[in-house]
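Residue strings, one per chain:
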Amino acid sequence: DIPGLILIPAAADKVKIPMIASGGFGDARGLVAALALGAEGINMGTRFMCTKECPIHQAVKEKIVANDERSTDLIFRTLRNTSRVAKNAISQQVIELEKQGATFEQVKGLVAGSRGKMVYVNGDTDEGVWSAGMVQGLIHDIPSCAELVSRIVREAEAIIRGRLEAMTSGGAREAAE
């Protein structure tokens, strides 16, 4: 439950090897923030799910694009094994069962990996639980991997050159005075 704005710099202060930030990254702004927090790069799980090359059903990709940042659920909190998944009929059912004190044995049929796998194969996004992060709210297209990476690098450089560089120049100091 420690947010990335705290966890990433705390980890960067302690590790001596290059670190990749993960969790909520999907665009150039996130990359620039992660670099500023001490990471060497970013991991983009949900974002890469929504690329042309990703071998999951097109309906799942379209669902990610349609979803917003509130379209996830945290399941297994009562079981001390929290997992963030796309909000759907199954995740909502698991949450209700957990509220009633259900054990893992009582929900395992709903959350079975074989059910989740079928979501990616068949495209029925209510067939099982499937991984997706809050970053869904920042995903608005389904580009190729090359297009995505190129765009993120290009936009990150623009942020660094434009917005951040301007803040360190005399113009930023004059505006503050």
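What follows covers the packing of aromatic side chains. Each pair of aromatic rings is reported with the distance of its centres and the angle of its planes. Per the counting criterion, the structure on display carries 2 aromatic pairs. Arranged with centres 6.0 Å apart and planes meeting at 70 degrees, the rings of Phe76 and Phe104 form a pair that is edge-to-face. With a gap of 28 residues between them, Phe76 in the loop between strand 3 (72-75) and strand 4 (83-86) and Phe104 in helix 6 (residues 104-111) connect regions that are remote in the sequence. Residue Phe76 is classed as buried on the basis of its relative accessible area of 11%. For Phe104, a relative accessible area of 40% puts it in the partly exposed group. When the ring of Tyr120 is compared with that of Trp130, the centres are 6.5 Å apart and the planes differ by 80 degrees; the resulting orientation is edge-to-face. In this pair, Tyr120 is assigned in helix 7 (residues 113-122) and Trp130 in the loop between helix 7 and helix 8 (145-168), connecting sequence segments 10 residues apart.

Another aspect to go through is the side chain of Asp73. Among the secondary structure elements, Asp73 is positioned in strand 3. With no salt bridge to any partner, buried Asp73 finds its closest opposite charge in Lys87, at an N-O distance of 4.2 Å. A polar side-chain atom of Asp73 sits 2.7 Å from a polar atom in the side chain of Gln92. Excluding residues within four positions of it along the chain, Asp73 makes contact with Ser83, Arg84, Val85, Ala86, Lys87, Asn88, Ser91, Gln92 and Ile95.

Buried within helix 6 are the following residues: Val107, Leu110 and Val111. Taken end-on, helix 6 shows its buried residues confined to a sector of 80 degrees, consistent with a single buried face. Of the surrounding elements, those touching the buried residues of helix 6 are strand 3, helix 5 (89-99) and helix 7.

What follows concerns a nonpolar patch on the surface. On the surface, a cluster of nonpolar side chains totalling about 430 Å² of accessible area is made up of Ile2, Leu5, Ile6 and Leu7. Of note, Leu7 is situated in helix 1 (residues 4-14). Accessibility expressed as a relative area gives 45% for Leu7, which makes it partly exposed.

Conventions and cut-offs
- Each chain carries its own residue numbering, running from 1 in the direction its sequence is written.
- Totals for whole chains, interfaces and linings use all residues, but because this is a predicted model, local features are given only for residues with pLDDT of at least 70 and pairs of side-chain atoms are given and counted only at 80 or more.
- Hydrogens and water molecules were not included; the side-chain quantities draw on all heavy atoms of the structure.
- Within 6.5 Å between ring centres, the rings of Phe, Tyr and Trp (the latter by its six-membered ring) count as paired, and their orientation is classed by plane angle as stacked under 30 degrees, edge-to-face over 60, tilted in between.
- Think of it this way: any DSSP run of H or I at least four residues long counts as a helix, any run of E at least two long counts as a strand, and we number them from the N terminus.
- Burial classification: accessible surface area is computed with a 1.4 Å probe over protein chains only, and a residue below 20% of its type maximum counts as buried, one above 50% as exposed, and the rest as partly exposed.
- Only four residue types enter the tally: Lys and Arg on the positive side, Asp and Glu on the negative side, with His and both chain ends excluded.
- When a carboxyl oxygen of Asp or Glu is within 4 Å of a side-chain nitrogen of Lys or Arg, the pair counts as a salt bridge.
- Here a polar contact is recorded for every N or O atom pair within 3.5 Å, except that within protein the pair must consist of a potential hydrogen donor and a potential acceptor, and residues adjacent in sequence are included only if both atoms are side-chain atoms.
- Any two residues whose heavy atoms approach within 4.5 Å at even a single point are treated as in contact.
- Comment: arc refers to directions from the helix axis out to C-beta atoms.
- What goes into a patch is any residue over 30% in relative accessible area without a salt bridge, connected to like charges within 9 Å or, for nonpolar side chains (Val, Leu, Ile, Met, Phe, Trp, Tyr), within 5 Å.
- Using a 1.4 Å probe, the Shrake-Rupley method yields the accessible areas, and only the shown protein chains count as cover for residues.

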